[in-house]
Amino acid sequence: DGGITQSPKYLFRKEGQNVTLSCEQNLNHDAMYWYRQDPGQGLRLIYYSQIVNDFQKGDIAEGYSVSREKKESFPLTVTSAQKNPTAFYLCASSALRDRGPKGTGELFFGEGSRLTVL
Amino acid sequence: GESVGLHLPTLSVQEGDNSIINCAYSNSASDYFIWYKQESGKGPQFIIDIRSNMDKRQGQRVTVLLNKTVKHLSLQIAATQPGDSAVYFCAEKGGTSYGKLTFGQGTILTVHP
């Protein structure tokens, strides 16, 4: 089945460590996104990529890094520079351009990765 | 629009009642809007969408209303069920920002049996 797979689902990190969250999609979508969600709050955009080997900062990019070496993959690294990394991280993808009446740029989300810093 | 750092508003209803969830958006150039439902510990799921050239769209038990004059979006859920309990987000897309959505604050809907 087509979809977005995030791993790991749960991750614990010690302070000062970098961790990488995986996001893979087989929907043939051009664009991929990382959002952060804190308890009881909405989604905030960290980074997004509209094409391979290119990505842009979102609203809260500080302390994070990404790469887009393949269309299917958009890993997120939470670095030690991120002062408050404990959160629920959501990866999403979308078709870059409208394609016919069904092409709307709707985001398809993974199931999320919950990162806890000990 | 997005409100970073604020806690989500809540709506409590009885099973069988109709629910109305509201959202104010900020970008007058936005041409596409989506409602998402997020259950606890899961990723958001698409519910219904609407383009800016429409003011109403109906799905199964759900209706989205768009008022561009006051930049307001609402989601109506008919005959609300306990399984509808979740956080609901509206999202908007600017005219040239293909696929890049800006999310609203979200509303927690709790349905009591």
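Here is what the cut-offs are and how they apply
- Residues numbered from 1 in each chain as written.
- Chains lettered and ligands numbered in written order.
- Predicted model: local features only at pLDDT ≥ 70, side-chain atom pairs only at ≥ 80, totals over all residues.
- Heavy atoms only, no water.
- Helix = DSSP H or I, 4+ residues; strand = E, 2+ residues; numbered from the N terminus.
- Buried < 20%, exposed > 50% of the residue type's maximum accessible area, 1.4 Å probe, protein only.
- Contact = heavy atoms within 4.5 Å.
- Areas by Shrake-Rupley, 256 points an atom, 1.4 Å probe, with all protein chains shown as cover.
- Disulfide = S-S within 2.5 Å.
- Salt bridge = Lys/Arg side-chain N within 4 Å of Asp/Glu carboxyl O.
- Pairing = 2+ DSSP bridges.
- Axes fitted to C-alpha atoms, helices over the stretch in contact; angles between N-to-C directions.

Trainee: Sorry if this is basic, but what is going on with the overall build of chain B here?
Mentor: The number of helices and strands found in chain B is 0 helices and 10 strands. Listing each helix as α and each strand as β along chain B from the N terminus yields β-β-β-β-β-β-β-β-β-β. By residue count, 42% of the 113 residues in chain B fall in the buried class. Considering only residue pairs separated by 6 or more positions, chain B has 56% of its internal contacts joining residues 24 or more positions apart. For chain B, the exposed surface amounts to about 5500 Å²; the carbon and sulfur share of it is 47%.

Trainee: For this particular structure, what's the right way to read the state of the cysteines?
Mentor: Taken as a whole and judged by the stated rule, the model has 2 disulfides over all chains. Shown here is the disulfide that connects Cys-23 of chain A with Cys-91 of chain A, its sulfur atoms set 1.9 Å apart. Its S-S torsion of approximately -80° makes the covalent link between Cys-23 of chain A and Cys-91 of chain A left-handed. In this pair, Cys-23 of chain A is assigned in strand S3 (residues 19–25) and Cys-91 of chain A in strand S9 (residues 87–94), connecting sequence segments 68 residues apart. There is a disulfide in this structure between Cys-23 of chain B and Cys-90 of chain B, and the S-S distance comes to 1.6 Å. Placement of Cys-23 of chain B in strand S2 (residues 19–24) and of Cys-90 of chain B in strand S8 (residues 86–94) is noted, with a sequence separation of 67 residues between them. One exposure class covers both Cys-23 of chain B and Cys-90 of chain B, and it is buried.

Trainee: Got a minute to help me understand unusual backbone geometry in this structure?
Mentor: With the exception of glycine, the majority of residues adopt a negative phi angle, and the majority of peptide bonds are in the trans configuration. In this structure, Pro-8 of chain A follows Ser-7 of chain A across a cis peptide bond, with omega equal to -10°. If you trace the backbone, Pro-8 of chain A turns up in the loop between strand S1 (4–7) and strand S2 (10–13). A positive phi angle, close to 65°, is found at Asn-53 of chain A, a residue other than glycine. Within the secondary structure, Asn-53 of chain A is located in the loop between strand S5 (43–51) and strand S6 (54–57). Taking the relative accessible area as the measure of exposure, Asn-53 of chain A reaches 61% and is therefore exposed. Phi is positive for Arg-61 of chain B, which is not a glycine, with a value near 65°. By the element assignment, Arg-61 of chain B lies in the loop between strand S5 (56–58) and strand S6 (62–67).

Trainee: So what exactly am I meant to see when it comes to the pattern of salt bridges here?
Mentor: Note that side chains of opposite charge can pair when their charged atoms are close. For the coordinates displayed, the defined rule picks out 8 salt bridges over all chains. Its salt-bridge partner being Lys-42 of chain B, residue Glu-39 of chain B comes within 3.7 Å of it at the nearest N-O pair. The salt bridge partner of Asp-84 of chain B is Arg-61 of chain B, with a shortest N-O separation of 2.9 Å. Taken as a pair, Asp-84 of chain B in the loop between strand S7 (72–77) and S8 and Arg-61 of chain B in the loop between S5 and S6 lie far apart in primary sequence, 23 residues in all. Residue classification places Asp-84 of chain B among the buried residues on the basis of a relative accessible area of 7%. Within this structure, Arg-36, Asp-38 and Arg-44 of chain A form a network of salt bridges that share partners.

Trainee: Please clarify how the sheet that holds strand S8 (residues 76–78) of chain A should be interpreted in this entry.
Mentor: For sheets, the rule is that strands pair by backbone hydrogen bonds, running either parallel or antiparallel. Residue and element names in this part refer to chain A. The strand order S1-S3-S8-S7 describes an open sheet built from 4 strands, whose pairing is antiparallel. Looking along the sheet, the strands with just one partner apiece sit at the ends: S1 and strand S7 (64–66). With strand direction ignored, the average angle separating the axes of adjacent strands in the sheet is 20°. Sheet topology note: the S3/S8 ladder contains 3 bridges and is antiparallel. Within S8, the residue paired with Val-19 across the bridge is Val-78.

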